[in-house]
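Tertiary structure, described
Read off the chains here:
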Amino acid sequence: MSSQPNQSLIDGIRCLQYLVSSDKAVGCRELARQMGMNSTRVNRLLMTMASIGLTIQDEHRRYLPGPGIHALAAQAIRGSSLFAQALPQLEVHAPRDIVVALGVLWEDQVIYIWHSEPGERTNASQALAGFRMLPAWQSVIGVSLLAAESDEALRPRFSDEQWAQIAPLLTRKREESYLIWHRDDGEVSMAQPINNNRAAIAFAKIWQADDAHLQQRLKQLQALAKILLSAR
């Protein structure tokens, strides 16, 4: 038997993940463009998944997640220790006055397991549905997790503009266990990887913060990371 990865299986899973990350119905050509794949192959994959209920088509023949996705999602949540351990703790311990996010890295995109907005208490259903997939180079979670890889592995995956933004942040993160990102508009965000760099917890939308306040927030972030790890 071949020890090589099954490319058809890989492409099918990627196709499904890109589809469910979209906020609307997507045509084959658009999805193929996002994935960098041939549109005929993407169409064949989507039709195959439609045969088992994972995708459906609307009246314009664009694709949407099918009913099988709900069963797959429920099974995935039940099987994920990160979901089971982190979400109850975040509901209780996450600060209410800033953005709190927990995310993982997939194909240089950040997938948010939890994303709450400042304000009233956020429950798990709101935080789970609260944010879209985001390119890793735009996210403090993404950059903090990318820093576990070498520059040689990372450089070909980003444009010159993107690399100019993240290269200093990667260097800074490799010098510390956390990353603090001062944005051009004055916002500050910070992230702490957890679970052996498989995920990261972050605070964002911190405004008008002096060094003392940022150190206080950092201690709060690191304390929350410890709570999530201790719940394992």
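Everything that follows concerns the structure shown earlier in this document.
The model shown is predicted, which means the values in this text are computed figures rather than measured ones.

Before going further, it helps to examine the environment of Arg-14. Secondary-structure assignment places Arg-14 in helix H1 (residues 7-20). In sequence terms Arg-14 and Asp-151 are 137 residues apart; their C-alpha atoms lie 25 Å from each other. For Arg-14, the residues in contact, after removing those within four places along its chain, are Met-35, Met-37, Trp-106 and Glu-107. A distance of 3.3 Å separates the side chain of Arg-14 from the backbone oxygen of Met-35, its partner in a polar contact.

Quick look at the pairing of strand E3 (residues 99-106) now. Here E3 lies mainly inside the structure; six of its eight residues are buried. Bridge count between E3 and strand E4 (residues 109-116): seven bridges; the pairing is antiparallel. Across the sheet, residue Leu-102 finds its bridge partner in E4, namely Trp-114. Linking E3 to E4, which pair antiparallel, is a turn of two residues; within it Glu-107 sits at a positive phi near 50°.

Counted under the stated rule, the structure contains one aromatic pair. Between the aromatic rings of Tyr-18 and Trp-106, the centroid separation amounts to 5.2 Å while the plane-to-plane angle is 55°, which identifies the pairing as tilted. Note that Tyr-18 is positioned in helix H1 and Trp-106 in strand E3, a separation of 88 residues in sequence. You'll find Tyr-18 and Trp-106 in the same group, each marked buried. Seen from the ring of Trp-181, Arg-183 lies directly overhead, with NZ or CZ sitting 3.6 Å from the centre.

Tallied over the entire structure, the rule returns zero disulfides. Free cysteine Cys-15: the closest other cysteine sulfur is in Cys-28, separated by 7.7 Å. With a relative accessible area of 0%, Cys-15 lands in the buried category. A relative accessible area of 14% means that Cys-28 is categorised as buried.

Relative to the 28 Å expected for 20 residues at 1.5 Å per residue, helix H10 (residues 211-230) spans 28 Å between its end C-alpha atoms, a close match to the ideal helical length. Of the positions making up H10, those classed as buried are Leu-214, Arg-217, Leu-218, Leu-221, Leu-224, Ala-225 and Leu-228. All buried residues of H10 project into a common sector of 125° when viewed along the axis, lining one side. Turned more than 90 degrees away from the buried face of H10, the exposed residues are Ala-212, Gln-216, Lys-219, Lys-226 and Ser-230. Structurally, H10 contributes buried residues whose contacts are with helix H5 (81-93), E3, strand E6 (179-182), strand E7 (188-194) and strand E8 (199-206).

A separate point is the pattern of salt bridges. Considering all chains together, one arrives at ten salt bridges under this definition. Where Glu-107 meets Arg-14, a salt bridge forms, and the shortest distance between an N and an O atom there is 2.5 Å. Of this pair, Glu-107 sits in the loop between E3 and E4 while Arg-14 sits in helix H1, placing them 93 residues apart in sequence. Given a relative accessible area of 36%, Glu-107 falls into the partly exposed group. Notably, a salt bridge pairs Asp-151 with Arg-174, separated by 2.8 Å at the nearest N-O pair. Highlighted residues: Asp-151 in helix H8 (residues 151-154) and Arg-174 in helix H9 (residues 160-175), separated in sequence by 23 residues. Residue classification places Arg-174 among the partly exposed residues on the basis of a relative accessible area of 36%. A single network of salt bridges, built from pairs that share partners, joins Asp-108, Glu-149 and Arg-157.

Attention now moves to the nonpolar core. Ranked by internal contacts, the top residues of the largest apolar core, which has 26 residues, are Leu-90, Val-100, Leu-102, Met-190, Ile-201 and Phe-203. For this core, the elements supplying multiple residues, two or more each, are H5, E3, E4, E7, E8 and H10. When residues no more than four places from it in sequence are discounted, the contact partners of Phe-203 are Pro-95, Ile-98, Val-99, Val-100, Val-188, Ser-189, Met-190, Arg-217, Gln-220, Leu-221 and Leu-224. Membership of the second largest hydrophobic core comes to 23 residues, among which are Ala-101, Val-110, Leu-146 and Phe-158.

Here the focus is unusual backbone geometry. The backbone of Arg-61 shows a phi angle near 65°, a positive value even though the residue is not glycine. Note that Arg-61 resides in the loop between strand E1 (55-57) and strand E2 (63-65). Non-glycine residue Asn-195 carries a positive phi angle of around 55°. Counting through the fold element by element, Asn-195 comes out in the loop between E7 and E8. For Asn-195, a relative accessible area of 18% corresponds to the buried category.

Scoring rules and cut-offs
- Residues numbered from 1 in each chain as written.
- Predicted model: local features only at pLDDT ≥ 70, side-chain atom pairs only at ≥ 80, totals over all residues.
- Heavy atoms only, no water.
- Helix = DSSP H or I, 4+ residues; strand = E, 2+ residues; numbered from the N terminus.
- Contact = heavy atoms within 4.5 Å.
- Polar contact = N/O pair within 3.5 Å; in protein donor to acceptor, adjacent residues only side chain to side chain.
- Buried < 20%, exposed > 50% of the residue type's maximum accessible area, 1.4 Å probe, protein only.
- Pairing = 2+ DSSP bridges.
- Phe/Tyr/Trp six-rings, centres within 6.5 Å; stacked < 30°, edge-to-face > 60°.
- Lys NZ or Arg CZ within 6 Å of the ring centre and 35° of its normal.
- Disulfide = S-S within 2.5 Å.
- Expected span 1.5 Å × (residues − 1).
- Arc of directions from axis to C-beta.
- Salt bridge = Lys/Arg side-chain N within 4 Å of Asp/Glu carboxyl O.
- Core = buried A, V, L, I, M, F, W, Y, C linked by side-chain atoms within 4.5 Å.

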